Amino acid sequence: PRRSPCGKPPMRLHLLLPLVALGCSKPESRIVVYCAQDREFAEGIFADLAAETKLAVAPKFDTEANKSVSLVAELKEEAARPRCDVHWNNEILGTIRLARAGVYEPYESPSAASFPAWSKAKDRTWQAFAERGRVLIVNTQLVPEADRPTSLLDLTNPKWKGKVAMAKPQFGTTATHAACLFEVLGPDLAKGFFRGLKENDVHVVAGNKQVATEVAAGRFAVGTTDTDDAIIELKAGKPVAIVFPDSAGHPVNPRMGTLFLPNTLAVIKGAPNPAGARQLVDKLLLPATETRLAEGGGFQFPVNPEATAAMPAGLPARTDVKRMAVDFEKAADLWDESQAFLREEFAR
């Protein structure tokens, strides 16, 4: 093979992106990041850090079709001989399952001192930051304000028959949402909700982005999606409104509320560059990263109270939105059960 200017064979492009740093770096000095955050938002952050600190960051991103899943599988496979230094995940239940499998090294970053207690793993193997909400996107031309659903559970009402879209529930944040509903409602009620959606002729589309664009185009009246995908349609001037479901609570199920799903950072146990991994985590947990993820097109809400962000107009204040009272650890316990159920109901 051709030799690089450093005299080493070049990296295979399907394994890692080129180093986000100037010049060549020795393998032991680069910091390999497996990153489930959208490439369009993370790449700029890595590039700025490289320019500021000269950290040689080598990111590897998920494909859209296997969002967050493929990297989790690779980290498990590589546990005996890690290639990765830092895992930036956007699916917290996958993070918890990897922590339980012993993939992560405990590390308490000094940059996380001001983060709330809930955002830290009890064993300090991961730190949560920058979160998205699971919301309803509504076409305002099809649904007058007075008729809009206010609860996720409203979507099983016959009035929405054939009018609701959701992403494939076995994958991504929709799968995480399902496991969290299993924890908050209990498996029986959660299964009843999804069976109700199916009986109500819910339309299953490829992903959350497709949910948002299809509702914006008027093909569906309502959809379940993530805040970042919904806000993109809102800012584009499309006829949509965003509803934070159960934001005032639920009269029958008091733990219901809007589910917020954070990103997480973790240092890999046995990482090739542990010192560099910790240094990168420290930098990524500074307030500037969450501000950039909020204002740079990703529209992700800061978790660190010291991070400031100008979110798009028209969204409720976070203090006005009731969070779903979910225990992520218990939701992770229910992952296998929820996945088996969703495959049975929606993969046939």
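The preceding data block contains the structure.
Since the structure is predicted, the reported quantities are computational estimates derived from the model, not experimental observations.

Criteria and cut-off values
Going along each chain's sequence as written, the residues are numbered from 1 onward. Per-residue local features of the predicted model are confined to residues with pLDDT of at least 70, and side-chain atom pairs are confined, for both listing and counting, to 80 or more; whole-chain, interface and lining totals are unaffected and use all residues. Here the side-chain values reflect all heavy atoms present in the structure, with hydrogen atoms and water set aside. Here is the rule: rings of Phe, Tyr and Trp (six-membered ring for Trp) pair when centre to centre is within 6.5 Å. Planes less than 30 degrees apart are stacked, more than 60 are edge-to-face, and the remainder are tilted. A run of H or I in DSSP counts as a helix once it spans at least four residues, and a run of E counts as a strand once it spans at least two, with each numbered from the N terminus. Only protein chains enter the calculation, and the probe is 1.4 Å; a residue is then buried if its accessible area is under 20% of its type maximum, exposed if over 50%, and partly exposed in between. To sit over a ring, a charge needs its Lys NZ or Arg CZ within 6 Å of the ring centre and within 35 degrees of the ring normal. Of the grid points, spaced at 1 Å and generated over the protein atoms alone, those admitting a 1.4 Å probe that cannot get out make up cavities, while open sets with protein on both sides within 12 Å along at least five of seven lines make up pockets; any residue with an atom within 4 Å of a point is treated as lining. Grid points are joined across faces, edges and corners, and a volume is the space filled by probe spheres set on the points. Three classes are used: nonpolar for Ala, Val, Leu, Ile, Met, Phe, Trp, Tyr, Cys and Pro, charged for Asp, Glu, Lys and Arg, and polar for all others, with Gly counted as polar. Salt bridges are counted wherever a side-chain nitrogen of Lys or Arg sits within 4 Å of a carboxyl oxygen of Asp or Glu. Pairing between two strands is assigned when DSSP locates at least 2 bridges connecting them. Throughout this description, the term nonpolar core refers to a set of buried Ala, Val, Leu, Ile, Met, Phe, Trp, Tyr and Cys residues connected via side-chain atoms within 4.5 Å. By definition, residues are in contact when any of their heavy atoms lie within 4.5 Å.

Enquirer: Teacher, can you tell me more about the packing of aromatic side chains here?
Expert: Two descriptors summarise a pair of aromatic rings, namely the distance from one centre to the other and the angle between the planes of the rings. Inspection of every chain in the model, using the stated rule, returns seven aromatic pairs. Taken together, a centroid distance of 6.0 Å and an interplanar angle of 55° make the contact between Phe 182 and Phe 341 tilted. Residue Phe 182 is found in helix H4 (residues 172-185), and its partner Phe 341 is found in helix H11 (residues 335-346); the two are separated by 159 residues along the sequence. Of the two residues examined, Phe 182 and Phe 341, each falls in the buried class. Between Phe 193 and Phe 194, the aromatic rings sit 5.1 Å apart at their centres with planes inclined by 70°, giving edge-to-face as the arrangement. Take Phe 193 and Phe 194: they sit in the same class, and that class is buried. Members of the aromatic cluster, joined through ring pairs, are Phe 46, Trp 88 and Phe 129. Sitting over the ring of Tyr 34, Lys 60 keeps its end group 5.2 Å from the ring centre. Looking at Arg 97, its charged tip hangs above the ring of Trp 335, at a distance of 4.3 Å from the centre.

Enquirer: What is the right way to look at empty space enclosed by the protein in this model?
Expert: Summary: where empty space remains is shown by rolling a probe the size of a single water molecule over the atoms. This structure, assessed with the given rule, holds two cavities of 30 Å³ or more. The space that makes up the largest cavity amounts to roughly 130 Å³. Residues that form the lining of the largest cavity fall into these classes: nine nonpolar, three polar and four charged. Space inside the second largest cavity adds up to approximately 90 Å³. Forming the boundary of the second largest cavity are Arg 134, Leu 152, Leu 155, Met 166, Thr 174, His 177, Ala 178, Leu 181, Phe 193, Phe 194, Leu 197 and Thr 224. When residues of the lining of the second largest cavity are assigned to their parent elements, the largest contribution, four residues, is made by H4.

Enquirer: Sorry, what's going on with the pattern of salt bridges here?
Expert: Where charged atoms of side chains with opposite charge meet at close range, the side chains can pair. Enumeration over the complete set of coordinates arrives at 16 salt bridges. A salt bridge links Arg 134 to Asp 226; its shortest N-O distance comes to 2.8 Å. Highlighted residues: Arg 134 in strand E5 (residues 127-139) and Asp 226 in strand E8 (residues 222-226), separated in sequence by 92 residues. Here Arg 134 and Asp 226 have matching classes, each one buried. Of the charged contacts in the structure, one is a salt bridge between Glu 214 and Arg 219, with a shortest N-O distance of 2.9 Å. The class for Arg 219 is exposed, based on a relative accessible area of 54%. Counted as one network, the salt bridges with shared partners bring together Arg 100, Glu 329 and Asp 333.

Enquirer: Help me understand the environment of Val 32 in this model?
Expert: Topologically, Val 32 is positioned in strand E1 (residues 31-35). Sequence spacing of Val 32 and Gly 276 is 244 residues, and the spatial spacing of their C-alpha atoms is 9.3 Å.

Enquirer: Explain the pairing of strand E6 (residues 164-167) to me, please; I cannot follow it from the model alone.
Expert: Along any regular strand the residues' side chains alternate between the sheet's two faces. Both faces of E6 are covered, namely the face carrying Val 164 and Met 166 and the face carrying Ala 165 and Ala 167. Alignment of E6 against E8, held across two bridges, turns out to be parallel. Bridging across to E8, Ala 165 finds its partner in Gly 223.

Enquirer: Explanation requested: the nonpolar core in the structure shown.
Expert: A general trend in soluble globular proteins is that nonpolar side chains are found buried together. Core analysis: the largest hydrophobic core is formed by 58 residues, its most contacted members being Leu 93, Leu 181, Phe 194 and Phe 328. Considering each element in turn, this core owes the most residues, eight residues, to H4. When residues no more than four places from it in sequence are discounted, the contact partners of Leu 93 are Thr 176, Ala 179, Phe 328, Ala 331, Ala 332 and Trp 335. If you look at the next biggest cluster of nonpolar residues, it comprises 26 residues, including Trp 88, Phe 115, Leu 265 and Ala 277.

Enquirer: I would appreciate a short explanation of the side chain of His 87 in the present structure.
Expert: Here His 87 is to be found in strand E3 (residues 86-89). Take His 87: its relative accessible area is 0%, and that puts it in the buried class. If near-sequence neighbours (up to four positions away) are discounted, His 87 is found in contact with Tyr 34, Val 72, Leu 75, Leu 98, Tyr 104, Thr 264, Leu 265, Ala 266 and Ile 268.

Enquirer: What am I meant to see in unusual backbone geometry here?
Expert: Of all residues except glycine, most have a negative phi; of all peptide bonds, most are trans. Here Lys 54, not a glycine, exhibits a phi torsion of approximately 65°, which is positive. You can see Lys 54 is positioned in the loop between helix H1 (39-53) and strand E2 (57-61). On the basis of relative accessible area, Lys 54 is assigned to the exposed category, the value being 58%. The backbone of Ala 130 sits at a positive phi, close to 40°, despite the residue not being glycine. Relative to the helices and strands, Ala 130 resides in strand E5. We classify Ala 130 as buried; its relative accessible area is 0%.

Enquirer: Would you mind going over the environment of Ala 230 with me for this structure?
Expert: By the element assignment, Ala 230 lies in helix H7 (residues 227-235). Ala 230 sits in the buried class, given a relative accessible area of 0%. Through-space distance from the C-alpha of Ala 230 to that of Val 240 is 8.3 Å; in sequence the pair is 10 residues apart.

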